[in-house]
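Here is how the chains run, residue by residue.
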Amino acid sequence: MAASKSPTNRPSAPSSATSVSRGWLFWLGRSLLLLLVLLILSIPLIRFAGPPLALSWLQQWYADQGEDYQLTLTDWQLAVISGELTLTGVTLQHPGVGAGATRIRQLTLDIDTGQIQHQLIDITRLRLDGVRLAAVRQGDQLLVAGLSLPLAANGAETATENSQTTAASTPWAVRLGNLSLTDWLLGWQQDGLETQLSVPSVDISGFDSRTDDDIELAATLSLDRLSGNQQLLQSLAPDLDLNTLIPGLPAGTPQTLTLDQPMLLKWQGRLTHWHTDPGVSGDLAIGPLALTLLDTTQAGFGSLKLQGLVADAEQQSLSQLQLDGASIKSRVDASVTPTAEPVTLFALNRYQANTLAFDGITLSVGQQTIVGVSLDGRYYDGNIAGLPLQLPTSAAAADETAAPASADSHATTTNTSSSANAVSRQFEVLLQGIVVNDVDLRWQQAGIQARITANEMTVGLVNSAENLPIDLQGSLQVAELHISQSQPVDLKQPLIFSWQGALNDWRRDPELTGDVTFKHFDAVVGNQPPVSLEELNLNGIRADRSVQTLEQLVVNGLTLQLPDSANAIARKQGILFSLGRYEVPSIVFDGQTLSTGIHQFSGLQAHLTRLENGLIAGLPSPSTVTVAANTSSIDTGIMANNKDVMDASASDEAGLVIHIAGVTMMEATAQAPSASRIYWYDLAVSPPHKSTLTLKAVSIGELDSAALLNETGKPVPVSVSAGLDDYNSIEFTANAGLRQGLPEGKFKLVVRQLNLPPFSPYVVEAMGYKVQKGMLKLDSNLDIVNGQMKGKALLVLQNSRFEPEDQDTIDRVSKQISMPLETALSVLKDDNNNLRIDVPLTGAVNDPDIGIQDVLQQVTKKAVRTATLFYLKQAFQPYGTLISIASLASDQLFAIRLNPLTFAERDSTLSPEHQSYLDKVATTMASKTELELQVCPLVSRGEANTLGEGWQALAIARGQSVKAYLAQRQDEKKHSLGDRVSVCNPAIAETPQVALGF
């Protein structure tokens, strides 16, 4: 038998099934491990490979957009862990297009790519720094970064397709953790406009398109450059005529708008409910702003701040609005010619509103403060100098007003107005008040220059919903007023105007109530006396559309000064006129009737100086009146004048009616201590005369212009009491009215104890005699009916003594009264040296001879003639009926003709009747020692023919018989009357008689 290997000595071989299984698992595990490693390594490889690939594609795409276009990148970095991508030095070169290059200093993007699978673009941070971008608009194309973008939309098809696609697919969402823009410089250019905007910083955070959460926004922007010209306006409004919009500019003025310095804008806040109800909330600050318009006008402000701004589509509110340093300046002066330095036309130091809210219906504003308002307006030929504005002329406005409207247009206007009213009724205002401080307004135009300043003015609560009264209070000062028109006006000191009151029911039926005060008015009007007013108070004003009432008007310290051109002597006398106090209560005006209570005054002072030429110093010269040559019929003139007055009265019936309850002079009080006096200084007489008239009482009854003009009212009672010294009294009373425009009624003047010597210059001028002593008593009663005067004045000169002063005047008056003045005075005097002159007052009330000198001369002539004749007729009763006053211009020898003594033919003996008559002549001559009697014997023609040459002896015998009879009598001085009897030469007359006369 053969030997076999022990099983233990030979190696055992693995089974085939076990070997195959181990190799597959091992290699499978190794393969999976390798794939996992490759997968892990592919993620950063993809991250690192993606940007270069994307940049390469972008570079190629941008190069295809234009000739020599190029996109370059200085560096890029990718954070492995966070995945943040940073691009540095991105430049888009586009030669010849726009600015030629667009740059981004650095772009940082951190995006969570893991959210893309959830259709969410989740940008954790996006930062763009140093962007330099310029956009140019050319027609309907926009050039940005060298790319041309169409501005017109493709129509509704694209929008419809997009909306359908969006609706059919699941929308993508965007979430932005933070967007930061820093150091941007943006430019914009189009026809007529060029701007540059720098963006120091913009930060946006918290944006998520899936929610309606607020988005934080903080931005700082600066508008560095803005330049516009006429092309911009023409492109926006091609049909607008620019020359019509801004007329009156100098030829060649550049029609430009330029930003003079960068304007900064800062916003700190958030965008609220951007998806459902977009709004903003935060603080906004703008400024400074400085613009130059048309190369002539500068406008702008220092800063504009809106704090606590909350605004959406339905309501807007502010916690505070503040505007500082607003102004408008111009380099155009009043004559519309360029000036070197700009003139400030308008300036506002500050405007501040504490709260402001508007909900579409109610505008609510808290307390408003306006400080430092100044305005310098210069208006010439329809233009406000320095501003591109033209105001409508009055003629143009009148044409527009006069243009008729058709019925259709009227109906349309009515409907439109109704609609507008309906809308306006929905709008309400709630203002907590307005305070205005430091106002300075200047205005200048042809012939007018004015300046108004104000320290403080306030307007109270304005509540349109409840229509509450609006309180008004403030004061202003008219610092300057100069008018150089036909009637120049100059304000000599600032006028203060203050008010305090309220505006009631201002939405429905406005009514103004309150008090108004004017202080320190002092002005010169042309050549008139300067006028000053210490204070004017309007108390208790209540005025609406239909009725205006005033509880009381009070004037204090009214003064008229003598002008500088007045006579030096007159200026020394003091003011021309002053009124201490004047009160008018219960003033009511309803558009047709002006009615007042009883006017009261006190402290009236008038200084009247008559100059050598007869004019009153300080008053305008009377106009020269041309009198018609034919003035013989005064009645004709009266009728013509009355017709004019009646026509005027008829036209006034539909005009203003004035009703005054009366006028009185107040008694001296602590408020009005000054008495009322009129000081008269006359330089037209020699020596100059001075006198002072003190008013003791003045009372005028009820006045009604309608009743006076229509002659239906009762006469107005008038009473004036005055005096020239402590003993003199002057009382004037009247019941006066008007008839056909002329005075009508009863007038009475009573003068007692008027000392005559101070008035001697007037007597010298009127009669030639100087008054050494005497007093005047006057009683005058006058009725005026239908323009005709009827009355008399009784003058009594008590214990008077006259001495010749001016012989020429004496001779002139003697001729006027047709007798020696000395004879007339001797006739009028009684045993106590009293003269009684009874003067009839007759004639037309509108006789033009009303000068003081004319009155004295007329009274002297008429009074002396009338009084002398009356005295002689009374003394020679019953023989005085034939007494008359002759004319010295005739050939008669008598100034006063007495009754002649008639004789029988060839008789020269005195009859008992002759002797009785001569006894009365003797009695008169005995008491009037200055009288001289002229005895003129006459024979008839028959006696002369009969007696032949012997007729003269008959005449002489008749004369001698008269003288012999009177020579037997003596006067008061024990002198024979024969010494004052002169016999004339014989003469022939129609009848035998002896003519007698003084």
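The structure presented is a predicted model; accordingly, all values stated were derived computationally and were not measured.

*Asks:* What am I meant to see in the environment of Ala450 here?
*Replies:* Tracing the chain through its elements places Ala450 in strand β25 (residues 448–459). Placed 40 residues apart in sequence, Ala450 and Asp490 show a C-alpha to C-alpha distance of 9.9 Å. In this structure, Ala450 is in contact with Leu441, Arg442, Trp443, Glu480 and Leu481, ignoring residues within four places of it in sequence.

*Asks:* How should the packing of aromatic side chains be read in this particular structure?
*Replies:* Both the distance between ring centres and the angle between the ring planes are used here to describe each pair of aromatic rings. Counting across every chain of the model gives seven aromatic pairs. Geometrically, the ring pair formed by Phe497 and Trp499 is tilted, given 5.2 Å between the ring centres and 35 degrees between the ring planes. For Phe497, a relative accessible area of 21% gives the class partly exposed. Ring centres 6.4 Å apart and planes at 35 degrees place the aromatic pair Phe759 and Tyr762 in the tilted group. Residue Tyr762 is classed as buried on the basis of its relative accessible area, which comes to 7%. Put simply, the rings of Phe497, Trp499 and Phe518 pair up and form one aromatic cluster. Sitting over the face of the ring of Tyr681, Lys690 holds its NZ or CZ atom 4.8 Å from the ring centroid.

*Asks:* I would appreciate a short explanation of the pairing of strand β42 (residues 769–785) in the present structure.
*Replies:* Along any regular strand the residues' side chains alternate between the sheet's two faces. Relative to β42, strand β41 (residues 742–755) runs antiparallel, the two sharing nine bridges. For Val750, the partnering residue across the bridge sits in β42 and is Asp779. From the end of β42 to the start of strand β43 (residues 788–804), which pair antiparallel, there are two residues, and Asn786 there has a positive phi angle of about 55 degrees.

*Asks:* Looking at this model, I keep getting lost on the state of the cysteines. Mind explaining?
*Replies:* In this structure the tally under the stated criterion is one disulfide. Disulfide pairing places Cys936 opposite Cys984 at an S-S distance of 2.2 Å. A residue pair is termed long-range when its members are at least 10 positions apart, and Cys936 in strand β48 (residues 933–940) and Cys984 in the loop between β49 (981–983) and β50 (987–989) qualify at 48 residues. Per residue, the accessibility class of Cys936 equals that of Cys984, and both read buried.

*Asks:* Mind showing me how you'd approach the pattern of salt bridges here?
*Replies:* Close approach of charged atoms allows side chains of opposite charge to pair. Under the definition given, this model contains 24 salt bridges. Between Glu511 and Arg542 there is a salt bridge, and its shortest N-O distance comes to 3.1 Å. In this pair, Glu511 sits in strand β30 (residues 511–525) while Arg542 sits in strand β31 (residues 531–543), placing the two residues 31 residues apart along the sequence. Residue Arg542 is classed as partly exposed on the basis of its relative accessible area of 42%. Lys746 is the salt-bridge partner of Asp783, the closest N and O atoms lying 3.4 Å from each other. Placement of the pair is Asp783 in strand β42 and Lys746 in strand β41, with a sequence separation of 37 residues. The class of Lys746 is exposed, set by a relative accessible area of 53%. Residues joined in a network through salt bridges with shared partners are Arg105, Asp129, Arg132 and Asp183.

*Asks:* In this structure, what is going on with the packing of helix α14 (residues 912–927) against helix α16 (residues 951–967)? I would like to understand it.
*Replies:* The axes of two packed helices give the description: the angle between them and the distance between them. Between α14 and α16, the least distance of the axes is 10 Å, while the angle of their chain directions is 55 degrees. The orientation of α14 relative to α16 falls into the category oblique. Handedness of the α14/α16 crossing: right-handed. Note on element contacts: α16 touches α14 through Val962, Tyr965 and Leu966, opposite Gln915, Leu918, Asp919 and Ala922.

*Asks:* I tried to follow the nonpolar core on my own but got confused; where do I start?
*Replies:* Soluble globular proteins: nonpolar side chains tend toward being buried together. One finds Leu348 and Tyr351 to be the most contacted residues of the largest nonpolar core, which totals 54 residues. Discounting chain neighbours no more than four positions away, the residues touching Tyr351 are Leu321, Gln322, Leu323, Gln368, Thr369 and Ile370. In terms of nonpolar packing, the next biggest core, distinct from the first, is built from 21 residues, Ile896, Leu910, Leu918 and Val935 among them.

*Asks:* Would you take a moment to explain unusual backbone geometry for this structure?
*Replies:* With the exception of glycine, the majority of residues adopt a negative phi angle, and the majority of peptide bonds are in the trans configuration. Here the amide bond leading from Gly287 into Pro288 is cis, since omega sits at 0 degrees, within 30 degrees of zero. Counting through the fold element by element, Pro288 comes out in the loop between β12 (279–286) and β13 (289–293). Cis geometry marks the peptide bond from Ser686 to Pro687, where omega comes out at -5 degrees. Within the secondary structure, Pro687 is located in the loop between β36 (676–682) and β37 (689–700). If you check the backbone angles, Ala145 has positive phi at about 55 degrees while not being a glycine. In this fold, Ala145 is placed in the loop between β5 (141–144) and β6 (147–150). Positive phi outside glycine occurs at His520, with the angle close to 60 degrees. Within the secondary structure, His520 is located in strand β30. Judged by its relative accessible area of 35%, His520 falls in the partly exposed class.

The rules behind the values
- Residues numbered from 1 in each chain as written.
- Predicted model: local features only at pLDDT ≥ 70, side-chain atom pairs only at ≥ 80, totals over all residues.
- Heavy atoms only, no water.
- Helix = DSSP H or I, 4+ residues; strand = E, 2+ residues; numbered from the N terminus.
- Contact = heavy atoms within 4.5 Å.
- Phe/Tyr/Trp six-rings, centres within 6.5 Å; stacked < 30°, edge-to-face > 60°.
- Buried < 20%, exposed > 50% of the residue type's maximum accessible area, 1.4 Å probe, protein only.
- Lys NZ or Arg CZ within 6 Å of the ring centre and 35° of its normal.
- Pairing = 2+ DSSP bridges.
- Disulfide = S-S within 2.5 Å.
- Salt bridge = Lys/Arg side-chain N within 4 Å of Asp/Glu carboxyl O.
- Axes fitted to C-alpha atoms, helices over the stretch in contact; angles between N-to-C directions.
- Parallel < 35°, antiparallel > 145°, perpendicular 65-115°, else oblique.
- Left-handed = near helix turned anticlockwise from the far one by under 90°.
- Core = buried A, V, L, I, M, F, W, Y, C linked by side-chain atoms within 4.5 Å.

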